[in-house]
Structures are given as C-alpha cells and as structure tokens.
Amino acid sequence: MQTSSNRKKMVIGNWKMNGSSTANASLLRSVLPVISRFENVEIALCPPYPYLSAVADLLDDSEVALGAQNLSAELAGAHTGEVSAHMLHDNGCRFVLVGHSERRALYAEDDALVAKKFSTALQAGLIPVLCVGETFAQRQAGETQAIVTSQLSAVLNAVGVDDLVKGVIAYEPVWAIGTGETATPEQAQAVHRHIRQWLATQNHAARADCRILYGGSVKADNAEQLFLQPDIDGGLIGGASLDAMSFVAICSAAQDKTAA
Ligand code: PEP
C-alpha cells in the first residue's frame, strides 16, 4: 500500500489558450534544462491543441510528459472541430484534463459528459486528470464536500472505482482559479483528505494509491506549504506555468517536498 511518502509528486502546467510557436519554444528553453533534472516529481505540460506536436518534439529528450487540455467524448467520425483521444495519443500525449471548471462553466460540460470524456480517454490509453471543485457560493453554503463527492461519483458510477483511480484527481476550487485567491493549505488539505476518505469507502487500496493534485492560484511562494500537506500530491498550475521562473520554483518545491 502506498502512503503519502511514496506517492510521487506531480506538477502539471495548464497553458490554457496562451502561447505561440515562439513563446512556447522560449519558455521551454528556459524551463526544460532545470525541470528535466527533477527526479522526484513527475511533470507534464498541457499546451493548446495546435502546439501539441511541436511541444512533443521539444520535450522529446526529457522526462517531461505532454498532456492536452480537453478531448472529444466521441471516439471518431462526424464531429467537426473536435479532437479525439486517439489523435491526442497519436501526437504524444500521456495525460488529458477532463472537467476543468472553465470547460464546465463556459462550455456547459456537465457531469455526464465529463464522465464520458474520462472513459474515452482511458480507452485511448491516456491518463485523465479529473478536475473537481466548488464555487465560492457553494463553499459559503457549506456544500464543498457534497459538490466534490457528487462530481467524483458521476465518474465513479460511469467507469467504476478501478478505472477512476487509473486517473489523477485535481481538486480545484473554482473561486481560486486564476483569481490570485488560493485555498489555505489547511482548507485544501481538508478537501483532499475528504476525497481520500471517500475513495477508501469505495475501495481501500484506491485511497492510498490515487494522486490528488491541488489547483487554484498556486504560485512560487505558496507551493511549498501546499505540497507539504499529507494528502496533496502536487499541483495543477495555470497562470504560473507560463512564467519560467515561477514554474521552475513550483516544480522545485514539489521535488523537495517528496518525503524522504
Ligand atoms: C487551472 O487552470 O487549472 C488553474 C489552477 O489556474 P491558475 O493556477 O491560474 O489558478
């Protein structure tokens, strides 16, 4: 059974709809020589679709993995404008974000669609990173645990616990994403512990094995305290992943906080 001390820390950079060929190459020139030396932390980058292939080439010699920000729930066919899980795999992706709160809020992705995307990702050999989290109003109403549990249950009911824990879970309070408001380490740890306890009620082994990342305005100056929490296994990083010094510092905090 794994404990917090032997779940490898993980940091995923979500570039969102930012970047250009030139900016991506420049960012990678700055960060890769440093972060590819970090052996205690698994690192992945999620550029926008059009840059996947070029970023895959730039990552080629490193241990840094490629991920995508979204996928189609459908496997193939007449779905103009969509990108399939197999295409992502074919372009070198190992991970794919599923159910990011921006997808849920801005593109009306509901729990059923998120569950279908999770399942489709697994079928294509990708590791889905399932994002869950409450809005500010839901937190104020004391609904955080219920919301997170229901988002997780939607996927669990669709794929079963054994497949759920083939993915990575990212707890991302909506009120903390891109706002500069971070959950305190104690607030984040409380939700991560709740998720791990909930997993244990489904399957005891799943509790210890599954990696649960925190996302929501993680920066160089708060990463260390977050990553010190026993149930926080790393971070999903938006804005700060676009700044070379910040991203290196966050990866370095994860590298150092892998318990001895
Ligand atoms: C995200 O996009 O998943 C995220 C956590 O963004 P930020 O770090 O900018 O809050």
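Bear in mind that the values here come from a model prediction, so they are computed numbers and not experimental data.

Conventions used here
- Every chain is numbered independently, its residues counted from 1 as its sequence is written.
- Residue-level local features of this predicted model are given only where pLDDT is at least 70; pairs of side-chain atoms are given and counted only at 80 or more, and the full residue set underlies all totals for whole chains, interfaces and linings.
- To get the side-chain values, all heavy atoms of the structure are used, and hydrogens and water are removed first.
- Whether a residue is buried, partly exposed or exposed follows from its accessible area with a 1.4 Å probe, protein chains only, as a fraction of its type maximum: under 20%, in between, or over 50%, in that order.
- Per the convention used, a helix needs a DSSP run of H or I reaching at least four residues, while a strand needs a run of E reaching at least two, with both numbered from the N terminus.
- Two strands qualify as a pair provided DSSP detects at least 2 bridges between them.
- Take the buried residues of types Ala, Val, Leu, Ile, Met, Phe, Trp, Tyr and Cys, join any two whose side-chain atoms come within 4.5 Å, and each joined set is a nonpolar core.
- UniProt positions are given in the numbering used here, feature names are shortened, and annotations may be inferred rather than shown by experiment.
- Only protein atoms enter the 1 Å grid, on which a cavity is a set of points fitting a 1.4 Å probe that cannot get out and a pocket is an open set with protein on both sides within 12 Å along at least 5 of 7 lines, lining residues being those with an atom within 4 Å of a point.
- Polar contact criterion, stated in full: a pair of N or O atoms within 3.5 Å, where within protein one must be able to donate a hydrogen and the other to accept it, and residues adjacent in sequence count only if both atoms are side-chain atoms.
- Every axis in this analysis is a line fitted to C-alpha atoms, fitted for helices over the stretch in contact. Angles between the N-to-C directions lie between 0 and 180 degrees.
- The contact rule is simple, with two residues in contact once any of their heavy atoms fall within 4.5 Å.
- Taking the helix axis as origin, the arc is that swept by the directions to the C-beta atoms.

A. Representation of the pairing of strand 6 (residues 168-171) in the model. Residues Val168 and Ala170 point to one face of strand 6 and Ile169 and Tyr171 to the other, with burial holding for every one of them. Of the strand pairs in this sheet, strand 5 (residues 127-132) and strand 6 are connected by 4 bridges, and their pairing is parallel. Its bridge partner being in strand 6, leucine 130 is matched across the sheet by isoleucine 169. Bridging between strand 6 and strand 7 (residues 212-215) involves 3 bridges; their strand directions are parallel. Looking at the pairing, isoleucine 169 lines up with isoleucine 212 of strand 7.

B. Structural detail: the nonpolar core. Counting residues in each nonpolar core, the largest one holds 67 residues, and the members touching the most others are Ile35, Ile195 and Phe227. For this core, the leading source of residues is helix 12 (residues 244-256), giving 6 residues.

C. Layout of the UniProt feature "binding site: substrate" (unreviewed entry) in the protein. Residues given the UniProt feature "binding site: substrate" (unreviewed entry) here are Asn14, Trp15, Lys16, Gly178, Ser217, Gly238 and Gly239. Of the residues just listed, which span 226 residues, no C-alpha pair is farther apart than 13.7 Å, and they cluster in one region. Lining the largest pocket, from the set of annotated residues above, are Asn14 and Lys16. You can see asparagine 14 is positioned in strand 1 (residues 9-14). Using a relative accessible area of 4% as the deciding quantity, one classes asparagine 14 as buried. Polar contacts involving the side chain of asparagine 14 include one to the main-chain amide nitrogen of lysine 16, which spans 3.0 Å.

D. Looking closely at the sheet that holds strand 6. Pairing is parallel around the closed barrel formed by 8 strands, whose spatial order is 1-2-3-4-5-6-7-8. Here the average twist between neighbouring strands, direction ignored, is 25°. Bridging between strand 4 (residues 93-98) and strand 5 involves 4 bridges; their strand directions are parallel. Looking at the pairing, valine 96 lines up with proline 128 of strand 5. Sheet contacts for helix 2 (residues 52-59): strand 2 (41-46), strand 3 (65-68) and strand 4; angle to strand 3, the most-contacted strand, approximately 165°. Running at roughly 150° to strand 5, helix 7 (residues 144-159) makes contact with strand 5 and strand 6 of the sheet.

E. Molecular detail of helix 2. Among all positions in helix 2, only Leu52, Val55, Ala56 and Leu59 are buried. Within helix 2, the buried residues cover an arc of 105° as seen down the axis, which keeps them to one side. Along its buried surface, helix 2 packs onto helix 1 (21-35), strand 2, strand 3, helix 3 (85-90) and strand 4.

F. Molecular detail of the environment of alanine 240. Examined against the element boundaries, alanine 240 turns out to sit in the loop between strand 8 (234-237) and helix 12. Considering only alpha carbons, one finds alanine 240 and valine 159, 81 residues apart in sequence, at a separation of 33 Å. With residues near it in sequence (within four places) discarded, alanine 240 still touches Val218, Lys219, Ser246, Phe247 and Ile250.

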